[in-house]
Amino acid sequence: MRSFDFHQSGEIGDAAGALGREAAIIAGGTNLLDLMKIQVMTPERLVDITRLDGLSAIEADGENLRIGALVTNTHLAGDSRIRAGWPLLSRAILAGASAQIRNKATTGGNLLQRTRCPYFYDTSQACNKRAPGTGCAAQGGAGRMLALFGTSPDCLAAHPSDMATALTALQASVEIRAASGEIRTVPMHEFYRGPGDSPDIETVLAPDDIVTAVLLPAPRAGTKQTYRKVRDRASYAFALVSVAAIVKVEDGRIAEASLAYGSIAPHPWMNHAVEEMLVGQAPSDDLFARAGEALTAAPAPHPDTEYKRPLLRRTLIAALREATGLSESAHGVDTARIPA
Amino acid sequence: MQTSLTVNGQTREVDHDARQTLLDTLRDGLGLTGTKKGCDHGQCGACTVLLNGERVNSCLCLTAMHDGDEVTTIEGIGTPETLNALQKAFVESDGYQCGYCTPGQIMSATALFEEVKKGAPSYVSADLEAPTFDDAEIAERMSGNLCRCSAYPMIREAIAMSREVK
Ligand SMILES: Cc1cc2nc3c(=O)[nH]c(=O)nc-3n(C[C@H](O)[C@H](O)[C@H](O)COP(=O)(O)OP(=O)(O)OC[C@H]3O[C@@H](n4cnc5c(N)ncnc54)[C@H](O)[C@@H]3O)c2cc1C
Ligand code: SF4
Ligand code: FES
Ligand code: FES
């Protein structure tokens with residue numbers, strides 16, 4: 001690990017003042033320390049925000065919830081209101097990492113975790129995301145963890161967060177504090193940037209912005225929610241593809257659908273054409289097959305991710321079958337209700 | 001840098017480089033070598049300790065961030081002469097072969113019991129609001145602890161057995 005100046009802040013203005021291009025916030029440290037040990041990230045200063053007040057609570061704001069940026073993944077997944085009203089979020093978080101990591105990982109850090117592209121991790125390889133302008137070793141290399149959609153000629157990497165995928169389907173937004181003290185709120189689908197010609201810049205955050213909270217809109221009571229994650233082993237592995245689904249069937253027809261897809265794009269992926277095909281229709285295998293085709297129509301940008309197209313299609317179909325009651329085995333399908 | 005930790009109930013002042021992880025502080029700084037280093041990257045669980053009562057990978061903790069915190073290691077829960085119930089269950093069930101992962105497994109399972117007591121859910125809980133405790137739950141909840149010797153069935157047995165005697 002390169003040496004750094006360690007700055008522990010007790011006040012958010014002080015933390016913002018210590019930030020800048022060569023500094024990094026450290027929260028749980030479960031991603032940053034890993035990357036610092038292998039010198040993929042080499043901040044000159046670490047700003048420890050874990051002692052800041054007011055960022056560790058989940059607070060009700062009417063029917064909405066405000067989740068502080070330092071709320072741990074374990075705390076969030078286990079919160080009784082979240083389990084009742086936003087069960088998709090509990091399931092998605094619990095599908096990620098291990099109990100040890102979730103105890104340390106924070107809401108802000110989870111959103112901002114970096115890609116798992118193996119060349120990003122290998123400092124002897126070209127990687128535009130780690131070292132801008134050096135090229136992309138994944139192209140022509142091994143790429144089964146890469147993205148299917150939303151890539152650019154400069155970078156094909158996928159965002160691995162399960163939690164962010166659920167938050168996208170739940171139409172959450174991110175609360176950000178600028179160095180000036182001004183607070184702004186950005187919807188999940190506008191928080192991440194596509195790679196374009198600067199894949200090193202992944203979000204709309206400025207170097208001295210601090211994520212202060214995630215805002216969850218009121219629960220969609222009566223919806224069926226499921227997070228279906230496909231991976232190389234049954235637990236403690238990143239997703240190859242995942243589907244977050246929120247669906248409501250009324251009078252035999254799909255009345256509501258909100259879907260997001262994980263580990264297949266540089267950020268949680270959405271495709272509203274799929275929801276539009278579903279809403280107003282009666283659930284059927286034929287309908288779901290067509291939805292899967294529409295979702296995966298584009299060719300894969302790397303030959304090694306071609307397998308993700310049929311995998312994603314089948315995962316979407318399975319999630320929709322279970323959430324609409326078309327198939328019996330409904331493990332991990334929860335019904336949202338207004339928390340007591 | 002100077003950091004004060006409470007390790008297994010004793011206050012310890014440590015003088016360390018800002019880069020030092022809690023794992024290295026425990027092993028090299030305090031001589032508590034029961035906690036093991038497997039991967040040093042959060043991937044194996046060999047370094048699991050309790051931090052303020054919750055299980056974490058000590059290889060992904062910076063000592064500098066834990067001033068005033070409480071740490072419990074394998075040395076803090078039993079001695080070779082007086083093993084605790086879970087340690088005895090590991091011996092009785094043959095819950096290891098080489099033993100390298102064992103301190104991490106035991107610290108992890110110690111926290112697991114507390115989590116289940118509090119009603120914390122897991123990904124495989126059929127009902128998120130009323131989790132049960134069965135073999136599939138143990139496997140899921142222990143997935144952050146790898147065993148290179150693959151003693152998994154006996155590890156799960158030891159955990160199930162120890163819970164029954166509680
Ligand atoms: C072995 C292993 C397996 C894993 N498996 C999964 C998995 O299956 N699914 C999954 O989704 N994740 C997985 N993870 C990733 C894990 O979820 C992240 O490491 C964790 O969520 C990061 O949170 P943290 O608080 O530790 O972040 P840190 O490591 O502290 O920070 C991560 C990044 O976020 C920035 N940051 C943190 N907080 C803020 C803030 N408030 N404002 C602005 N910037 C901030 C930091 O500067 C840093 O760049 C795994 C990790 C490991 C090590
Ligand atoms: S895909 Fe992106 S992260 Fe991977 S090597 Fe190419 S530029 Fe780097
Ligand atoms: S040594 Fe910490 S998880 Fe492997
Ligand atoms: S007993 Fe050898 S690694 Fe688990």
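Residues numbered from 1 in each chain as written. Chains lettered and ligands numbered in written order. Predicted model: local features only at pLDDT ≥ 70, side-chain atom pairs only at ≥ 80, totals over all residues. Heavy atoms only, no water.

- Chain B has the name Xanthine dehydrogenase YagT iron-sulfur-binding subunit in an unreviewed UniProt entry, where Wenxinia saemankumensis is given as its organism.

- Per an unreviewed UniProt entry, chain A goes by the name Xanthine dehydrogenase YagS FAD-binding subunit and belongs to Wenxinia saemankumensis.

1. Some words on the overall build of chain B
Thought 1: Each helix and strand counted, chain B has five helices and five strands in total.
Thought 2: When the helices and strands of chain B are placed in sequence order, the string is β-β-α-β-β-β-α-α-α-α.
Thought 3: Here the C-alpha atoms of chain B give a radius of gyration of 16 Å, agreeing with the 15 Å that 2.2 N^0.38 yields for 166 residues.
Thought 4: In terms of overall dimensions, chain B has C-alpha extents of about 45 × 35 × 25 Å along its principal axes.
Thought 5: A separation threshold of at least 6 residues defines the contact pool for chain B, and within that pool the share at least 24 residues apart is 55%.
Thought 6: For chain B, the accessible surface area stands at approximately 7200 Å², while carbon and sulfur atoms represent 48% of it. (Helix = DSSP H or I, 4+ residues; strand = E, 2+ residues; numbered from the N terminus. Rg over C-alpha atoms; globule rule 2.2 N^0.38 Å. Contact = heavy atoms within 4.5 Å. Areas by Shrake-Rupley, 256 points an atom, 1.4 Å probe, with all protein chains shown as cover.)

2. Let's talk about the site of ligand 1
Thought 1: If you check the shell around ligand 1, you find 34 residues, and the closest are A:Ile25, A:Gly29, A:Thr30, A:Thr106 and A:Asp162.
Thought 2: The environment of ligand 1 is shared, with nearby residues belonging to chains A and B.
Thought 3: Between a nitrogen atom of ligand 1 and a side-chain N or O atom of A:Asp162, the distance comes to 2.7 Å.
Thought 4: In the complex, 95% of the free accessible area of ligand 1, which totals 980 Å², lies under the protein chains.
Thought 5: Sorting the residues of the shell around ligand 1 by element identifies strand E2 (23–26), helix H7 (107–111) and strand E8 (210–216) of chain A as the ones contributing at least two each.
Thought 6: Per element, the largest residue contribution to the shell around ligand 1 is three residues, and it comes from H7(A). (Near = heavy atom within 4 Å. Polar contact = N/O pair within 3.5 Å; in protein donor to acceptor, adjacent residues only side chain to side chain.)

3. A closer look at the interface of chain B and chain A
A common measure of how large an interface is: the accessible area buried when the components associate.
Thought 1: Between chain B and chain A, the contact holds 43 residues from the first and 45 residues from the second.
Thought 2: Of the roughly 3300 Å² buried where chain B meets chain A, counting both sides, 54% is carbon and sulfur surface.
Thought 3: The three residues of chain B that bury the most area against chain A are B:Met65, B:Tyr123 and B:Leu128, which together make up 25% of that side's buried surface.
Thought 4: Taking the shortest distance from any N to any O, the salt bridge between B:Glu129 and A:Arg337 comes out at 2.7 Å.
Thought 5: Our count for the chain B to chain A interface comes out at 21 residue pairs in polar contact (both at pLDDT 80 or more). (Buried area = accessible area lost by both parts, 1.4 Å probe. Salt bridge = Lys/Arg side-chain N within 4 Å of Asp/Glu carboxyl O.)

4. Thoughts on the site of ligand 2
Residue and element names in this part refer to chain A.
Thought 1: Ligand 2 sits among 15 residues. The nearest are Cys117, Cys127, Cys136, Cys155 and Leu156.
Thought 2: Cavity membership is defined here by more than half of the atoms lying within 2 Å of grid points; on that basis ligand 2 lies in the second largest cavity.
Thought 3: Looking at side-chain class alone, the shell around ligand 2 contains twelve nonpolar, one polar and two charged residues. (1 Å grid on protein atoms, 1.4 Å probe; cavity = no way out; pocket = protein on both sides within 12 Å on 5 of 7 lines; lining within 4 Å. Sits in = over half its atoms within 2 Å of the grid points. Nonpolar A, V, L, I, M, F, W, Y, C, P; charged D, E, K, R; others polar.)

5. A few points about the sheet that holds strand E3 (residues 45–48) of chain A
Residues and elements named next belong to chain A.
Thought 1: Sheet architecture is open: three strands sit in the order E1-E3-E2, paired in parallel fashion. The strands lining the two open edges of the sheet, one partner per strand, are strand E1 (5–8) and E2. The mean angle between the axes of side-by-side strands here comes to 25 degrees, regardless of whether they run parallel or antiparallel.
Thought 2: In this structure, E2 lies alongside E3, joined through four bridges in parallel fashion. Opposite Ile26, over in E3, you have Asp48 as the bridge partner. (Pairing = 2+ DSSP bridges. Axes fitted to C-alpha atoms, helices over the stretch in contact; angles between N-to-C directions.)

6. A word on empty space enclosed by the protein
Residue and element names in this part refer to chain A.
Thought 1: Inspection of the entire model under this criterion finds three cavities of 30 Å³ or more.
Thought 2: By volume, the largest cavity is sized at about 120 Å³.
Thought 3: Lining the largest cavity we find 16 residues, and of these Lys129, Ala157, Pro199, Glu202 and Pro266 sit closest to its centre.
Thought 4: Among the residues forming the lining of the largest cavity, the class breakdown is eight nonpolar, four polar and four charged.
Thought 5: Roughly 90 Å³ of volume is contained in the second largest cavity.
Thought 6: Taken together, 16 residues line the second largest cavity, and the ones lying closest to its centre are Cys117, Cys127, Cys136, Ala138 and Cys155.
Thought 7: Here the residues of the lining of the second largest cavity are counted per class, giving eleven nonpolar, three polar and two charged. (Points joined across faces, edges and corners; volume = space filled by probe spheres on them.)

7. Points about the UniProt feature "domain: FAD-binding PCMH-type" (unreviewed entry) in chain A
Thought 1: In this numbering, the UniProt entry assigns the feature "domain: FAD-binding PCMH-type" (unreviewed entry) to residues 1–221 of chain A.
Thought 2: Taken end to end, residues 1–221 of chain A has its terminal C-alpha atoms 48 Å apart, with 25% of it in helix and 17% in strand. (UniProt positions renumbered as here; feature names shortened; annotations may be inferred.)

8. Examining helix H1 (residues 22–29) of chain B
Thought 1: Every buried residue of H1(B) is listed here: B:Leu22, B:Leu23, B:Asp24, B:Thr25 and B:Leu26.
Thought 2: Considering only its buried residues, H1(B) is in contact with strand E1 (2–7), strand E2 (10–15), strand E3 (48–51) and strand E5 (70–72) of chain B. (Buried < 20%, exposed > 50% of the residue type's maximum accessible area, 1.4 Å probe, protein only.)

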